[in-house]
Amino acid sequence: MKNGKKNMAAIAAGCLLCLPAWGQSLGEAIEQTIKTNPDILTNANDRLAREGEVTQAKSGYLPSIDLNAGYGFEEANNRSTRGLGCLSGSGGNSKCGTVDMERTELGAKVRQMVFDGMKTYHDTRRTKAAVAAAAYTVFGSAEKVALDATEAYLNVLREQELVQLAKDNVEVHERTMDQIKLRSDMGVGRKADDDQARARLARARTNLLAEEGNLNDAVSTYQRVIGALPDNPARPEDPRGKLPADMETAVKLALENHPQLKSAEADIEETDAQHDAAYAHFFPKVDIELAATSYSNLNGVTGYNNDYQAMLRMNYNILSGGKDAGRLEQTAHQINKAKEIRNHTYRQVVESMRFSWVALQTKSNQLPLFKEHLEDTEKTHKAYQQQFNLGERTLLDLLDTANELFTARQDYTQASYDELLAMFRVLASMGELNSSLGVKLPEETVPVAIDGSIL
C-alpha cells in the first residue's frame, strides 16, 4: 500500500523517472493485464457459458425422471355416480348423481431416448464447436491485449530514454553557455554569441519539457492498458531468434496458428452440426417409458386406482407445414455464411502478417543507417567542439552540430524501439506473442470440452 502511494506521489510530482525499482518484466506486465482486462474476462465468461450448453445437449443421452403428486377436492357427476341415485355414499355426500370427494394423486415416469434422428449427437457436436470458437476468441483477445500492453510498455521505456536524451542535450547547451560566459568575462566574447547560446538553451529546455509531457502521456496509457503504474520496466530481450526466416513461412505459420482463423473454422463446424441436427425432424422419435400412477377417489369412485406401464413409444410428425424444410434451408445458408466469414478472416490474417513483416523489414533496414548517422554526427560534434576551443569554428557551427546530435540520438532511439515493437507485432500476427514471452494464459483459452475431449 505504501509503495502504491509513492507511485501516485511520483506521478503527481511529475517525477516519472523516480518510479520504484521493482523491475516488472514485459511478460509479468502482460500477465497482469490479461488477468484484469474486461474484454478478456467477458469472453472467458462466454466460453464458460458455452460449456453449460454442452451439458444441456448431452442430457439427451440420459434418462429423464418426472414425479407428480396432487391433493385436493373433486366433484364428480358421471355414469358411475349417477348410478348411486340420491343416497349418501361412504365416499362423500351424494346429491342426486353428484359426489364430492377428497382426491389424491401420485405418479412417476422414466423416459429414455432410444432414437431421435441423431439430434442429440449433432447438438453435442454443435455446442462443443461453440466452446472451441469461444475459447479461440479468448485466445485472440489475449493476443490483442498482449500487443497493446507490449506497445504501452515499450513506449514508457522509449519516452524515458528520450527524456534522458533531452536532459543530456540541456547539459550540453549549459556547458556551452558556461564557455561563452567565460569568454565574455575574459573580454574575448561577443554579445551575439551570448544571445545565441541563451536562445538555444531555452529551446533545449523546451524540448525537455515536451519529452517529459510525452512520458506522462505514455505512463497514463500504460495505466489504462495494464491497469497499474509502471514498475521500473526493463527493455525486453530481442525476440529476433523466435521469428520465422521469411515472409512466406510467417504467413504459413499465421494461417496454422492464428486464433481468429481457428475460431472461424470452429464456427463452420458449429453451423454444419446445426444443419445436420435439422434433419432429425424428418425421422421418428423413439423412447422407452416406464410409468406408475396411484390415485385415490378418482372420478367419484372411492378407493385406490393403481396403474403401471412399460412402453416403447414412437412419435413421428408427418406434416409440419414446411417448418422443417425451412429450417433445413436456413441452416444450409448459415453454413455458407460461416464459410465466407472464414474466407474473409483468412485474407485478413494474410494481410496483417504481410503488413507486419514488411514493417519489420523496413525498420530493420533503417536502423543501421540511423546508427551510422548517429556515429558520424558524434564524431563531427566532437571535432567541432575541439575546433571551437581553438577558434576555428563559430558558436553557431557548434550549436548546430549539438542539435543535430540530439536529433540523431532521438531518431536512433525511436527506430530501435520501432524495430522491437515490429518484431512483437509479427509474433502477435502469428498468434504466438504470449507463448514467446512465457505468459500463462487463462484456462478458458484451451478448446477442451468439459468431458476432457479436445475440440
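For clarity, every value in this text was computed on a predicted model and none was experimentally measured.

Undergrad: How should the overall build of the protein be read in this particular structure?
TA: Each helix and strand counted, the protein has eleven helices and four strands in total. Here the protein holds 455 residues, and the buried ones make up 40% of them. A separation of at least 24 residues holds for 83% of the contacts in the protein among residues at least 6 apart in sequence. Put simply, the protein shows about 25300 Å² of open surface, and 53% of that area lies on carbon and sulfur atoms.

Undergrad: Quick question: what am I supposed to make of the confidence of the model for the protein here?
TA: Interpretation of this model should avoid reading the predicted coordinates in detail wherever pLDDT is low. Averaged over every residue, the pLDDT of the protein is 87; residues scoring 70 or more account for 87%. Segment residues 89–94: pLDDT under 50, and twelve contacts once partners within four positions in sequence are set aside and those in other chains are kept.

Undergrad: So what exactly am I meant to see when it comes to the sheet that holds strand 1 (residues 64–76) here?
TA: The strands that make up a sheet are held in pairs by hydrogen bonds between backbone atoms, and each pair lies either parallel or antiparallel. Within the open sheet, the four strands sit side by side as 1-2-3-4. Their pairing is antiparallel. In this open sheet, the two edge strands, each paired with only one partner strand, are strand 1 and strand 4 (301–315). Neighbour-to-neighbour, the strand axes of this sheet turn through a mean angle of 15°, independent of strand direction. Both strand 1 and strand 2 (residues 99–115) contribute to a ladder of 13 bridges, which runs antiparallel. Paired with isoleucine 65 across the two strands is valine 110, which belongs to strand 2.

Undergrad: How do you make sense of helix 2 (residues 26–36) when you look at a structure like this?
TA: Structurally, the α-helix is built with 3.6 residues per turn, so residues lying three or four positions apart point the same way. What helix 2 keeps buried is the set Leu26, Gly27, Ala29, Ile30, Thr33 and Ile34. Along the long axis of helix 2, the arc covered by the buried residues comes to 160°, so they all point the same way.

Undergrad: Help me understand the packing of helix 8 (residues 259–278) against helix 9 (residues 323–389) in this model?
TA: Relative orientation and spacing of two packed helices are given, respectively, by the angle between their axes and the distance between those axes. Relative orientation of the contacting elements helix 8 and helix 9 amounts to 170°, with a least axis distance of 9 Å. Relative to helix 9, helix 8 is oriented roughly antiparallel. Residue composition of the contact of helix 8 with helix 9, grouped by class: ten nonpolar, eight polar and six charged.

Undergrad: It is not clear to me how the pairing of strand 3 (residues 285–298) should be interpreted in this structure. Could you clarify?
TA: Bridge count between strand 2 and strand 3: eleven bridges; the pairing is antiparallel. In the strand pairing of strand 3, lysine 109 is matched with alanine 291. Summarising the sheet, strand 3 and strand 4 pair through 13 bridges and their orientation is antiparallel. Across the sheet, the residue bridging to lysine 285 is asparagine 315, located in strand 4.

Undergrad: What should I look at first to understand the packing of aromatic side chains in this one?
TA: The relative placement of two aromatic rings is captured by the distance of their centres and the angle of their planes. Using the criterion set out here, one finds three aromatic pairs in the structure. Ring centres 6.1 Å apart and planes at 65° place the aromatic pair tyrosine 71 and phenylalanine 73 in the edge-to-face group. Taken as a pair, tyrosine 71 and phenylalanine 73 share a single burial class, namely exposed. Summarising the aromatic geometry, the rings of tyrosine 153 and tyrosine 222 are spaced 6.3 Å apart at their centres and angled 35° between planes, so their arrangement reads as tilted. Note that tyrosine 153 is positioned in helix 5 (residues 119–185) and tyrosine 222 in helix 6 (residues 191–226), a separation of 69 residues in sequence. An identical accessibility class is assigned to tyrosine 153 and tyrosine 222; each is buried. Arginine 235 extends its terminal NZ or CZ atom over the ring of tyrosine 417, reaching a point 4.5 Å from the ring centre. Above the ring of tyrosine 384, the side-chain terminus of arginine 393 is found at 4.1 Å from the ring centroid.

Undergrad: I would appreciate a short explanation of the packing of helix 9 against helix 10 (residues 395–429) in the present structure.
TA: One can describe the packing of helix 9 onto helix 10 by two numbers: an axis separation of 7 Å at closest approach and a directional angle of 160°. Judged by the inter-axis angle, helix 9 sits roughly antiparallel to helix 10. Relative to helix 10, helix 9 is oriented so that their crossing is left-handed. By residue class, the composition of the contact of helix 9 with helix 10 is 19 nonpolar, eleven polar and ten charged.

Undergrad: Please explain the side chain of glutamine 410 as it appears in this structure.
TA: On the secondary structure map, glutamine 410 appears in helix 10. For glutamine 410, the side chain forms a polar contact with the side chain of glutamate 211, separated by 3.1 Å. Setting aside anything within four residues of it in sequence, one finds glutamine 410 in contact with Leu162, Leu165 and Glu211.

Undergrad: What exactly am I supposed to notice about the nonpolar core here?
TA: Nonpolar side chains in soluble globular proteins generally cluster together in the buried interior. Counting residues in each nonpolar core, the largest one holds 63 residues, and the members touching the most others are Ile30, Tyr153, Leu154, Tyr222, Met353, Phe424 and Leu433. Elements with a contribution of two residues or more to this core: helix 2, helix 5, helix 6, helix 7 (247–257), helix 9 and helix 10. Sequence-distant contacts of isoleucine 30, defined by excluding residues within four places in its chain, comprise Ala146, Ala149, Thr150, Asn434, Leu437 and Val439.

Undergrad: Explain the pattern of salt bridges here, please?
TA: Any two side chains of opposite charge can pair if their charged atoms end up close together. Scanning all chains against the criterion turns up 22 salt bridges. Here aspartate 123 and lysine 119 are joined by a salt bridge, their closest N and O atoms 2.7 Å apart. Remark: lysine 119 and aspartate 123 occur in helix 5; sequence separation between them is four residues, near one turn of the helix. Between arginine 205 and glutamate 174 there is a salt bridge whose closest N-O contact spans 3.3 Å. Of this pair, arginine 205 sits in helix 6 while glutamate 174 sits in helix 5, and the two are 31 residues apart along the sequence.

Quick notes on the rules
- Residues numbered from 1 in each chain as written.
- Predicted model: local features only at pLDDT ≥ 70, side-chain atom pairs only at ≥ 80, totals over all residues.
- Heavy atoms only, no water.
- Helix = DSSP H or I, 4+ residues; strand = E, 2+ residues; numbered from the N terminus.
- Buried < 20%, exposed > 50% of the residue type's maximum accessible area, 1.4 Å probe, protein only.
- Contact = heavy atoms within 4.5 Å.
- Areas by Shrake-Rupley, 256 points an atom, 1.4 Å probe, with all protein chains shown as cover.
- pLDDT = per-residue confidence, 0-100.
- Pairing = 2+ DSSP bridges.
- Axes fitted to C-alpha atoms, helices over the stretch in contact; angles between N-to-C directions.
- Arc of directions from axis to C-beta.
- Parallel < 35°, antiparallel > 145°, perpendicular 65-115°, else oblique.
- Nonpolar A, V, L, I, M, F, W, Y, C, P; charged D, E, K, R; others polar.
- Phe/Tyr/Trp six-rings, centres within 6.5 Å; stacked < 30°, edge-to-face > 60°.
- Lys NZ or Arg CZ within 6 Å of the ring centre and 35° of its normal.
- Left-handed = near helix turned anticlockwise from the far one by under 90°.
- Polar contact = N/O pair within 3.5 Å; in protein donor to acceptor, adjacent residues only side chain to side chain.
- Core = buried A, V, L, I, M, F, W, Y, C linked by side-chain atoms within 4.5 Å.
- Salt bridge = Lys/Arg side-chain N within 4 Å of Asp/Glu carboxyl O.

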